[in-house]
Amino acid sequence: MKWLANSEVVTKTRIPAHGQILRVSLLASQDTSPSDPKQDCSDGLCGLIKRPSDLYEVLAFHLDRVLGLNRSLPAVARKFNSPLLPYKYTNGAARPIIWWVPDIQHLDDANNDQNSFAVGWLQYQSLLQQRCGMADSSAALGIAPCLSVLHTEWAKLALFDFLLQVHDRLDRYCCGFQPDPAEPCMEEMLHDKCRNPAELVLVHILIQGSEPSRLVFIDNAGRPHHPEAKLNFRLLEGIDGFPETAVSVLKSGCLENMLLKSLYMDQEFWESQGGYQGLRHLLQVINRRGQILLQYIQEHNLTIFKDSSL
């Protein structure tokens, strides 16, 4: 986090088809040698600078760590002043910078490069039923319908996405709630596809080459202001249990204080949100969603599984 927040920007690269995101390489400590962007990123010395409106990715990173999920990438808020960057990046507004992981796997398809797998909603529901890679299941990882991803990873993803109301991954079509006309899923006419589940696909389903059984969570800003009356329970569909550590944090009544303590480490984010007073309502909303999730777990008699070393 300190490296992302303080290191000097030494090169920048535009990301194709993502015009408002810059990939930058950052100076490694005590390093004064000329910079090679490709080598820097291969060495883990790069980050993605995103839009000011994506600042809640920082909140998502801290939530991920507080819950013990450890699946999202380090993210900090930062104000940039590098002469290498366009003016809109240096105008005094805080932006999130997220660590660029060198070995995330991307499909070769240019229209589907934000996935490690091409997986549809029906296949997803099928692999959830198979309990891929678990001791009580004969369904082996990597053999259809299973991917290389362990069954319990999907529960971690569903819990995380429900608390943040991240719809893009599991329900980019807004099938799980009635969207407003201004929603991207309405403007892009995606919502109409809800009538045909065979057409629905998942996005941002990513893994690292070094750990193919674990998911990596990206684009996690979510919807902190999404109304409680429209919470998307479709994100939880097919999930048969949740991780013990995360559930125990939700039950403890300490989530808000744990998040406050964690977020205070990122002073740029803290100040950009108006400090404690500004963050208080936001964290209350997440805590309330956690209580609703606990009620859902109880009503559906879902299991709580031990966190593995994965």
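Residues numbered from 1 in each chain as written. Predicted model: local features only at pLDDT ≥ 70, side-chain atom pairs only at ≥ 80, totals over all residues. Heavy atoms only, no water.

An unreviewed UniProt entry lists the protein under the name Golgi associated kinase 1A, with Chelydra serpentina as the source organism. The heading Sequence similarities (unreviewed entry) in the UniProt record of the protein holds the text "Belongs to the GASK family." (UniProt positions renumbered as here; feature names shortened; annotations may be inferred.)

(A) Up close: the nonpolar core. Counting 80 residues, the largest nonpolar core has L63, L67, Y124, W154, F242, L255 and L293 as the members making the most contacts within it. Residues within four places of L293 in sequence aside, it is in contact with L159, F162, L236, F242 and L250. Counting eleven residues, the second-largest nonpolar core is a separate cluster that includes V24, V76, F80 and L85. (Core = buried A, V, L, I, M, F, W, Y, C linked by side-chain atoms within 4.5 Å. Buried < 20%, exposed > 50% of the residue type's maximum accessible area, 1.4 Å probe, protein only. Contact = heavy atoms within 4.5 Å.)

(B) Quick peek at empty space enclosed by the protein. Inspection of the entire model under this criterion finds one cavity of 30 Å³ or more. The volume enclosed by the largest cavity comes to roughly 30 Å³. Forming the boundary of the largest cavity are W121, L170, D171, Y173, C175, L200, V201, L202 and R234. Looking at the lining of the largest cavity, its residues break down into seven nonpolar, no polar and two charged. (1 Å grid on protein atoms, 1.4 Å probe; cavity = no way out; pocket = protein on both sides within 12 Å on 5 of 7 lines; lining within 4 Å. Points joined across faces, edges and corners; volume = space filled by probe spheres on them. Nonpolar A, V, L, I, M, F, W, Y, C, P; charged D, E, K, R; others polar.)

(C) Representation of the environment of E183 within the structure. Relative to the assigned elements, E183 resides in the loop between helix 5 (151–164) and helix 6 (184–187). C-alpha of E183 to C-alpha of Y173: the two residues are ten residues apart in sequence and 9.8 Å apart in space. Contacts of E183, omitting those with residues within four sequence positions, involve F177 and R223. (Helix = DSSP H or I, 4+ residues; strand = E, 2+ residues; numbered from the N terminus.)

(D) Layout of the layout of surface pockets. What the second largest pocket holds in volume is close to 170 Å³. Lining the second largest pocket are M1, K2, A5, V76, A77, R78, K79, M265, D266, Q267 and E268. Listed by contribution, the elements that provide at least two residues to the lining of the second largest pocket are helix 1 (2–6), strand 4 (75–78) and helix 9 (267–272). Of the residues forming the lining of the second largest pocket, the biggest block, three residues, is contributed by strand 4. Taken together, the residues of the lining of the second largest pocket sort by class into five nonpolar, one polar and five charged.

(E) Just unusual backbone geometry, in detail. With an omega of 5 degrees, the peptide bond running from A144 to P145 counts as cis. Mapped onto the secondary structure, P145 falls in the loop between helix 4 (121–130) and helix 5. In this structure, N70 is a non-glycine residue whose phi angle is positive, near 60 degrees. Turning to its location among the elements, N70 is positioned in the loop between helix 3 (56–66) and strand 4.

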